[in-house]
Amino acid sequence: MGKNIIIIGTQWGDEGKGKIIDLLSPNVNYIVRYQGGHNAGHTLVVNNKKTVLHLLPSGLLHNHIFGVIGNGVVISPRDLLNEIRMLQKQGIYNLQNRIMISESSPLLLEYHVAMDQAREKRLHSVDDNNSNGNTTIIGTTGRGIGPVYEDKVARRGLRIGDLKNIQLFSVNLRKNVNYYNFLLSNYYHSKVVNYDVIIKDILSVRDDLLNMIQDIPNTLDIAMKNDKKIMFEGAQGTFLDIDHGTYPYVTSSNSISGGVCSGVGVGPLAIDYILGVTKCYTTRVGFGPFPTELFDEIDLHFFNIGKELGSSTGRRRRTGWLDIVALRRCIQINSLSALCMTKLDVLDGLKEIKICIAYKLSNGTQITCTPFSVDEWNNLSPVYKILPGWLGSTVGVRSFNLLPLEAKNYILEIESMVGIPIDMISTGPERNDIIILNNPCL
Ligand code: IMP
């Protein structure tokens, strides 16, 4: 039997999943996105050339991979096709026959972007900020992701498969444009969108989109029966999950491993191994709780050495120490089999390295589980264990034995704290800058 694996982020996204997925791709056949949209940014560095993918599955740079976009992923047609064109220009082989999209994937259209941006802009106003939790500025990517998922659960969303019947599509599109324009102009006092422009635009790419749709549950079922290996690629991270993250400062989809089943149409028993990608420190973009956040010279170190600028929006990432309390929760709710630690090299040269092992509440009580309400998240402080740093460089190290003693101890300490193995340690941006202790795809 093929071995099917899920790769997810254990923090607030940007853990370095793209590199790991790309690295493991030679030994799988299908790579499947199951949630999110082009809010994600997966950075791949191959032969010093950097490619950032937002919507396409990361493994497509390998010629043999089929890239699948499941029903849980929201699709901006223009962004999808631009990304395909970018890869075609780079000479990536036979892409049009290697990309498959669920016909149930929701379409992200111009009014979603307009709504996302108008809402965040309006929430900057003092009035709304002082009211209640429903009017929180999230610091979204501004790409329209939230509004598309809202449309989906409100049962008014348009899906790629709806393009098969263009008459009906046009009627429903007009209804949605009217609905959004009413909100945009009357509530948000913002620019409205133009139906004619949207329909013209979508008609110009309709055939390209319809050519890529497939019955994804069936395709993957057949693949599994033929012993093919499937890798499910998470976007964002566990604490941006709509249900299990630091709500409301989250994205609008289920980024946890459980999202695979509903976001693709495979059952839980199809999964054999789940890898949690964890940065050796923590970063987050946008607003929201972040217990180990730093505002000192270590923050500058992480920012400068770790090049912590958002790959989708170019925003500066907030940085902080590794948080074992959050990581344990993540292991619990995702059934993680193992961890892949990334960016170990960014810790090079630090005198001491802190690991958050508990949270202290304002009344002095210590807790070792993450809370549920944002209010509680905001009112706790980290309790640290301090480990010695190392002076030598770990950049590009490919064998555990060649790491400085303190770096080995750092990794072993994390492993003993979380109770699952660390199967991989990434030591630089290049595809091969990695220590592989256990390759789950072999
Ligand atoms: P949205 O997904 O654009 O609605 O943004 C919601 C929150 O998720 C914001 O804090 C974003 O910065 C964050 N976010 C969305 N996608 C990513 C990602 O790929 N990496 C890191 N943060 C993300």
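The structure presented is a predicted model; accordingly, all values stated were derived computationally and were not measured.

### Considering the side chain of T238
Okay, step 1: With respect to the helices, strands and loops of the structure, T238 is situated in the loop between β8 (230-233) and α9 (259-265).
Okay, step 2: Owing to a relative accessible area of 0%, T238 belongs among the buried residues under this scheme.

### Overview of the site of the ligand
Okay, step 1: If you check the shell around the ligand, you find 16 residues, and the closest are D14, N39, T141, T251 and R315.
Okay, step 2: Taking N39, its side chain carries an N or O atom lying 2.9 Å from an oxygen atom of the ligand.
Okay, step 3: One of the backbone N or O atoms of G139 is found 3.4 Å from an oxygen atom in the ligand.
Okay, step 4: Residues belonging to the shell around the ligand are distributed by class as follows: 6 nonpolar, 8 polar and 2 charged.
Okay, step 5: Residue-level mapping places the shell around the ligand at the junction of two domains, with at least three residues from each of domain 1 (5-98 + 216-436) and domain 2 (110-210).

### Some remarks on the state of the cysteines
What we call a disulfide is simply a covalent bond connecting the sulfur atoms of a pair of cysteines.
Okay, step 1: Applying the stated criterion across every chain, the model contains 0 disulfides.
Okay, step 2: Not part of a disulfide, C280 finds its nearest cysteine sulfur in C340, a span of 8.9 Å.
Okay, step 3: On the basis of relative accessibility, which here comes to 1%, the residue C280 falls in the buried class.
Okay, step 4: There is no disulfide at C356, and the cysteine sulfur nearest it, in C369, is 12 Å away.

### Remarks on helix α8 (residues 216-225)
Okay, step 1: Every buried residue of α8 is listed here: I216, T219, L220, A223 and M224. Buried residues of α8, viewed axially, fall in a sector of 130°; they line one side.
Okay, step 2: Where α8 starts, the residue carrying a side-chain oxygen 3.1 Å from the main-chain nitrogen of N218 turns out to be D215.
Okay, step 3: Positive phi shows up at D227, right after α8, with a value of about 65°.

### A short note on the domain arrangement of the chain
A common measure of how large an interface is: the accessible area buried when the components associate.
Okay, step 1: Looking at the chain, the domain boundaries give domain 1 (5-98 + 216-436) and domain 2 (110-210).
Okay, step 2: Counting from both sides, the interface comprises 26 residues of domain 1 and, opposite them, 20 residues of domain 2.
Okay, step 3: Carbon and sulfur atoms make up 64% of the area that domain 1 and domain 2 hide from each other, which totals about 1800 Å².
Okay, step 4: Note that R78 and D201 form a salt bridge whose closest N and O atoms lie 2.9 Å from each other.

### Regarding the packing of helix α2 (residues 77-89) against helix α7 (residues 195-210)
Okay, step 1: Between α2 and α7, whose axes approach to 10 Å, the crossing angle comes to 55°. The angle between α2 and α7 falls in the class oblique. Where α2 crosses over α7, the two elements pack in a sense that is left-handed. Packed against α2, whose contacting residues are P77, R78, L80 and L81, the element α7 presents D201, I202, S204, V205, D208 and L209 at the interface.

### Considerations on the pattern of salt bridges
Okay, step 1: Counted under the stated rule, the structure contains 15 salt bridges.
Okay, step 2: Here E103 ties to K164 by a salt bridge, and the two come within 2.9 Å at their closest N and O atoms. One end of the pair, E103, is in the loop between β6 (99-102) and α3 (110-123); the other, K164, is in the loop between α5 (145-153) and α6 (166-187), with 61 residues separating them in the sequence.
Okay, step 3: A salt bridge links E308 to K279; the nearest nitrogen and oxygen atoms lie 2.9 Å apart. One end of the pair, E308, is in the loop between α10 (297-305) and β11 (318-320); the other, K279, is in strand β9 (residues 273-279), and 29 residues separate them in sequence.
Okay, step 4: Relative accessible area serves as the criterion here: at 0%, E308 is assigned to the buried category.
Okay, step 5: Looking at K279, the relative accessible area reads 1%, which means it is buried.

### Considering empty space enclosed by the protein
Okay, step 1: Across all of its chains, the model carries 1 cavity of 30 Å³ or more by this definition.
Okay, step 2: Of the volumes computed, that of the largest cavity is approximately 50 Å³.
Okay, step 3: In terms of residue class, the lining of the largest cavity is built from 4 nonpolar, 3 polar and 1 charged.

The rules behind each value
- Residues numbered from 1 in each chain as written.
- Predicted model: local features only at pLDDT ≥ 70, side-chain atom pairs only at ≥ 80, totals over all residues.
- Heavy atoms only, no water.
- Helix = DSSP H or I, 4+ residues; strand = E, 2+ residues; numbered from the N terminus.
- Buried < 20%, exposed > 50% of the residue type's maximum accessible area, 1.4 Å probe, protein only.
- Near = heavy atom within 4 Å.
- Polar contact = N/O pair within 3.5 Å; in protein donor to acceptor, adjacent residues only side chain to side chain.
- Nonpolar A, V, L, I, M, F, W, Y, C, P; charged D, E, K, R; others polar.
- Domains from an automatic or database assignment.
- Disulfide = S-S within 2.5 Å.
- Arc of directions from axis to C-beta.
- Contact = heavy atoms within 4.5 Å.
- Buried area = accessible area lost by both parts, 1.4 Å probe.
- Salt bridge = Lys/Arg side-chain N within 4 Å of Asp/Glu carboxyl O.
- Axes fitted to C-alpha atoms, helices over the stretch in contact; angles between N-to-C directions.
- Parallel < 35°, antiparallel > 145°, perpendicular 65-115°, else oblique.
- Left-handed = near helix turned anticlockwise from the far one by under 90°.
- 1 Å grid on protein atoms, 1.4 Å probe; cavity = no way out; pocket = protein on both sides within 12 Å on 5 of 7 lines; lining within 4 Å.
- Points joined across faces, edges and corners; volume = space filled by probe spheres on them.

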